[in-house]
Amino acid sequence: MHDLIIIGSGPAGLSAAVYAKRAGLDTLVLEKNPMSGGQVLNTYEVDNYLGMPGINGFDMGMQFREHADKLGVEFKECLVCSIEDAGEKKVISVDDGGRLEAKAVILATGAVHASLCVPGEERFTGKGVSYCATCDGAFYRGKRAAVVGGGDVALEDAIYLARMCEKVYLLHRRDELRGADILQRELKALPNVEILYSHVVEEIQGEDSVERLLVKNLKTEESFALEASGVFVAVGIRPVTELVAPFDICDEGGYVAAGEDCATKTQGLFAAGDVRKKPLRQIVTAVADGANAAMSAAAYVRSCL
């Protein structure tokens, strides 16, 4: 029986682990991936985290994990299959057949990239379709690439790709971008970036890999082919909250309803990071969630003594 089990080891999960360990909780972190860090590992540059301007996302993730390791936090690589509420304890089933018990659980499973759901997307994933510009951008050096989306991630991806690609198209279904003003100014100053407002991708085409996009102008209703070797999809994220679906604690978007203390209506169950319903999802808010969730969990565990 652990005091606390944290599911996920992105910024929220690692922050929770650090605070929980410092609070004296017997803590176990479960992570399905070989490396901790979550989405930050795929971020080329983080320029808005206090005290670390311009840090590489991978390096940041590694530093977060090293902090937890130095405190002696216990990690287990596994896939969580289910969470059961057994009154004063939570029972977690994992993919190796094991059943783990804890007085409290913090859900810090993060979010995954949303897809376009158009013909050719699934077929060419890994063959020209990517959801991570910093992971795959180098494959398109000197070539033409397209980014789909209008938020911060899409703008950051287009800026990053413009440094190596011959031409970058940014396609956005609305007539104005949603990303931060500073990113918009930087993007619009790049000579090899073309922004296509009010355009959507209808199909991704090619033989063995992506060769072109079938694009539709939403204002004229006209469709045309756009030559590109790579398509980078940045149209949002979906919270990974299937594990807590039986608890009825999620809103219509799948986000967990939990306040600033990160406590859900299920006693002993907390949510931190991108899974939690909140107005701003950034590394700094994930880290803050992790701290709050750990402190709330510690108070809950003490109340059970």
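Here the structure is a predicted model, which means the values were calculated and not measured. (Residues numbered from 1 in each chain as written. Predicted model: local features only at pLDDT ≥ 70, side-chain atom pairs only at ≥ 80, totals over all residues. Heavy atoms only, no water.)

Trainee: What is the right way to read the sheet that holds strand β15 (residues 230-233) from this model?
Mentor: By way of backbone hydrogen bonds, the strands of a sheet pair with one another, either parallel or antiparallel. Taken in spatial order, the five strands line up as β8-β15-β9-β10-β11 in an open sheet, and their pairing is parallel. Either end of the sheet is taken by a strand with one partner, and the two such strands are β8 (129-130) and β11 (193-197). Direction of pairing for strand β9 (residues 144-148) relative to β15: parallel, over a ladder of four bridges. Note that in β15 the partner of Val 147 across the bridge is Phe 232. (Pairing = 2+ DSSP bridges. Helix = DSSP H or I, 4+ residues; strand = E, 2+ residues; numbered from the N terminus.)

Trainee: Mind showing me how you'd approach the nonpolar core here?
Mentor: In a soluble, globular protein the nonpolar side chains are often hidden away together inside. In this structure, Leu 4, Ile 6, Met 60, Ile 106 and Ile 283 are the most contacted members of the largest nonpolar core, which totals 33 residues. For this core, the secondary-structure elements that each account for two or more residues are β1 (2-7), α1 (11-22), α2 (57-70), β6 (99-107) and α6 (283-303). Residue contributions to this core peak at nine residues, all from α6. (Core = buried A, V, L, I, M, F, W, Y, C linked by side-chain atoms within 4.5 Å. Buried < 20%, exposed > 50% of the residue type's maximum accessible area, 1.4 Å probe, protein only.)

Trainee: What should I look at first to understand the pattern of salt bridges in this one?
Mentor: Close approach of charged atoms allows side chains of opposite charge to pair. Taken as a whole, this structure holds 16 salt bridges when the rule is applied. With a shortest N-O distance of 3.5 Å, Lys 103 and Asp 3 are connected by a salt bridge. Taken together, the positions of Lys 103 in strand β6 and Asp 3 in strand β1 put the pair 100 residues apart, joining distant regions of the chain. Take Asp 3: its relative accessible area is 16%, and that puts it in the buried class. One salt bridge in this structure joins Lys 265 and Asp 248, with 3.7 Å as the shortest N-O distance. Here the residue Lys 265 occupies a position in the loop between β16 (237-239) and β17 (269-271), and Asp 248 occupies one in the loop between β16 and β17, the gap between them amounting to 17 residues. For Asp 248, a relative accessible area of 55% translates into the label exposed. Each of Glu 260, Arg 276, Lys 278 and Asp 289 takes part in one network of salt bridges that share partners. (Salt bridge = Lys/Arg side-chain N within 4 Å of Asp/Glu carboxyl O.)

Trainee: What's the story with the sheet that holds strand β12 (residues 199-206) in this structure? I'm lost.
Mentor: Read from one edge to the other, the open sheet built from three strands follows the order β12-β13-β14, with strand pairing classed as antiparallel. Because the sheet does not close on itself, it has two edges, and the strands there are β12 and β14 (223-227). Strand after strand, the sheet turns through a mean of 30° between neighbouring axes, direction not considered. Sheet analysis places strand β13 (residues 210-217) next to β14, joined by five bridges and oriented antiparallel. Along β14, the bridge assignment pairs Leu 214 with Ala 225. (Axes fitted to C-alpha atoms, helices over the stretch in contact; angles between N-to-C directions.)

Trainee: Quick question: what am I supposed to make of the pairing of β11 here?
Mentor: Each regular strand carries side chains that alternate between the two faces of the sheet. The sheet contact formed by strand β10 (residues 167-172) and β11 spans five bridges and is parallel. The residue bridging His 172 from the neighbouring strand is Tyr 197, located in β11. After leaving β10, the chain enters helix α5 (residues 181-188) and then returns to the sheet as β11, a path that is right-handed. (Right-handed = clockwise from strand over helix to strand, strands pointing away.)

Trainee: Any chance you could explain the side chain of His 199 here in plain terms?
Mentor: When you line up the elements, His 199 lands in strand β12. With relative accessibility at 9%, the residue His 199 sits in the buried group. Reaching out from His 199, the side chain makes a polar contact with the backbone oxygen of Tyr 197 at a distance of 2.5 Å. (Polar contact = N/O pair within 3.5 Å; in protein donor to acceptor, adjacent residues only side chain to side chain.)

Trainee: Quick question: what am I supposed to make of a negative patch on the surface here?
Mentor: Residues Glu 45, Asp 47, Asp 152, Glu 156 and Glu 186 make up a contiguous surface patch of negative charge. Turning to its location among the elements, Glu 45 is positioned in the loop between β2 (27-31) and α2. On the basis of relative accessibility, which here comes to 39%, the residue Glu 45 falls in the partly exposed class. (Patch = residues over 30% accessible without salt bridge, like charges linked within 9 Å, V, L, I, M, F, W, Y side chains within 5 Å. Areas by Shrake-Rupley, 256 points an atom, 1.4 Å probe, with all protein chains shown as cover. Lys, Arg positive; Asp, Glu negative; His and termini not counted. Charge placed at Lys NZ, Arg CZ, Asp CG, Glu CD.)

Trainee: I'm lost on the state of the cysteines in this one. Help?
Mentor: The bond known as a disulfide is covalent and runs between the sulfur atoms of two cysteines. Across all of its chains, the model carries zero disulfides by this definition. For the unlinked cysteine Cys 78, the closest cysteine sulfur is that of Cys 81, found at 8.4 Å. Assessed through its relative accessible area of 6%, Cys 78 is described here as buried. The structure places no disulfide on Cys 250, whose sulfur is separated from the nearest cysteine sulfur, that of Cys 262, by 14 Å. (Disulfide = S-S within 2.5 Å.)

Trainee: In this structure, what is going on with the packing of aromatic side chains? I would like to understand it.
Mentor: How two aromatic rings sit relative to each other is set out by the distance from centre to centre and by the angle between their planes. This structure, assessed with the given rule, holds three aromatic pairs. Ring centres of Tyr 140 and Phe 232 lie 5.6 Å apart, and the angle between their planes is 90°; this geometry places the pair in the edge-to-face category. Separated by 92 residues along the polypeptide, Tyr 140 in the loop between α3 (133-136) and β9 and Phe 232 in strand β15 bring together distant segments of the chain. By relative accessible area, which is 0% here, Phe 232 ends up buried. Above the plane of the ring of Phe 75 lies Arg 65, whose end atom (NZ or CZ) is 3.5 Å from the centre. Its guanidinium or amino end placed over the ring of Tyr 255, Arg 281 lies 3.7 Å from that ring's centre, counting from NZ or CZ. (Phe/Tyr/Trp six-rings, centres within 6.5 Å; stacked < 30°, edge-to-face > 60°. Lys NZ or Arg CZ within 6 Å of the ring centre and 35° of its normal.)

Trainee: Quick question: what am I supposed to make of the environment of Asp 157 here?
Mentor: The topology assignment puts Asp 157 in helix α4 (residues 152-162). Residues within four places of Asp 157 in sequence aside, it is in contact with Ala 133, Val 147 and Ala 234. (Contact = heavy atoms within 4.5 Å.)

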